[in-house]
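The primary structure of each chain is shown beneath.
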Amino acid sequence: MGTPGYLPPEAACGEADTMDARSDVYGLGAILFEILTGRLPHEFTNFLDLARKLLQEDAPRAIDIDEAVPEPLSELCAACLARSMDDRPSDAEAVADAIRRWQVERERAREVEGWLREASTALEAAADLQGGAMLQQVDRAIAAVGQVLTREPEHARALELRVRADGLREQGMREREAG
């Protein structure tokens with residue numbers, strides 16, 4: 001029926017006729033859980049202990065075992081390890097798609113953080129300068145903020161930095177005209 005620790009509740013009950021792709025998803029969830037936490041979802045001493053836990057207890061959330069586990073992956077594990085087959089993703093492809101979406105989102109978030117750091121650094125530099133030199137740094141910040149706002153038009157931190165950059169730009173323009 002399967003390897004203890006990775007087999008779904010329906011297998012532990014001997015209900016082979018009810019098993020389908022969602023049963024395999026349970027095993028994938030157990031593997032993902034182990035990758036993320038370093039342990040199996042259910043700790044057990046023998047098969048009867050495991051069967052009881054599979055039927056009566058929800059698996060712990062991966063993030064509750066290790067707080068460094070990203071929330072979306074913890075949620076995916078929980079869905080895969082649902083006791084009811086109906087609550088699991090439909091098949092391995094659905095699990096893979098969820099992981100790919102998380103990877104894309106994580107990379108996008110990293111890019112946004114990089115652009116926000118660039119904008120903040122430029123604005124800090126601009127605050128110590130005047131005139132044309134200030135405007136160069138402000139333009140650098142505006143370009144970085146623009147990259148963020150292209151990806152996330154309502155990003156609060158980017159909008160805040162844009163307001164700050166616009167204020168410094170006005171100040172730099174006045175100083176350049178006066179000087």
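In the block above lies the structure referred to throughout.
Reference entry: report on the structure contained in this document. (Residues numbered from 1 in each chain as written. Predicted model: local features only at pLDDT ≥ 70, side-chain atom pairs only at ≥ 80, totals over all residues. Heavy atoms only, no water.)

Comments concerning the side chain of Ser 120
Here is the rule: Think of it this way: any DSSP run of H or I at least four residues long counts as a helix, any run of E at least two long counts as a strand, and we number them from the N terminus. Whether two residues are in contact is decided by their heavy atoms: any pair within 4.5 Å suffices.
Note on placement: Ser 120 falls in helix α6 (residues 92–127). Residue contacts for Ser 120: discarding those within four places in its chain leaves Arg 157 and Leu 161.

Some details on helix α7 (residues 131–151)
Heads up, the rule is: Residue count minus one, scaled by 1.5 Å, sets the expected span of a helix. For every residue, the accessible area (1.4 Å probe, protein chains only) is compared with the maximum for its type, and the residue is labelled buried under 20%, exposed over 50%, or partly exposed between those bounds.
The end-to-end C-alpha separation of α7 is 31 Å, in line with the 30 Å expected for 21 residues at 1.5 Å each. Taken together, the buried positions of α7 are Gly 131, Met 134, Leu 135, Gln 137, Val 138, Ala 141, Ile 142, Ala 144, Val 145, Val 148 and Leu 149.

Re the packing of helix α5 (residues 71–80) against α6
So the rule is basically this: Angles here are taken between N-to-C directions and fall from 0 to 180 degrees, while the axes themselves are lines fitted to C-alpha atoms, restricted in helices to the stretch in contact. Angle categories are assigned with fixed cut-offs, so that under 35 degrees is roughly parallel, over 145 is roughly antiparallel, 65 to 115 is roughly perpendicular, and the rest are oblique. Each residue receives one of three labels: charged for Asp, Glu, Lys and Arg, nonpolar for Ala, Val, Leu, Ile, Met, Phe, Trp, Tyr, Cys and Pro, and polar for the others, Gly being one of them.
Between α5 and α6, the least distance of the axes is 10 Å, while the angle of their chain directions is 170°. In terms of axis orientation, α5 runs roughly antiparallel to α6. Contacts from Pro 72, Leu 73, Leu 76 and Cys 80 of α5 reach α6 at Val 95, Ala 98, Ile 99 and Trp 102. For the contact of α5 with α6, the per-class residue count stands at 8 nonpolar, no polar and no charged.

Looking at the environment of Gly 114
The topology assignment puts Gly 114 in helix α6. Along the backbone, Gly 114 and Ala 144 are 30 residues apart, and their C-alpha atoms lie at a distance of 8.8 Å.

Overview of the pattern of salt bridges
A side chain of one charge can pair with a side chain of the opposite charge if their charged atoms are brought near each other. Here is the rule: A pairing counts as a salt bridge when a side-chain nitrogen of Lys or Arg comes within 4 Å of a carboxyl oxygen of Asp or Glu.
All told, the structure shown has 19 salt bridges when counted by the stated rule. The partner of Arg 22 in a salt bridge is Asp 20, with the nearest N and O atoms 2.6 Å apart. Judged by relative accessible area, Arg 22 falls into the partly exposed class, the value being 21%. For Asp 20, a relative accessible area of 32% translates into the label partly exposed. For Asp 49, the salt bridge goes to Arg 52, with nearest N and O atoms at 3.3 Å. Of the two residues, Asp 49 and Arg 52 are both situated in helix α3 (residues 47–56); the distance of 3 residues between them amounts to about one turn of the helix. By relative accessible area, Arg 52 is classed as partly exposed at 35%. Among the ionic contacts, a cluster of salt bridges with common partners joins Asp 49, Arg 52, Lys 53 and Glu 57.

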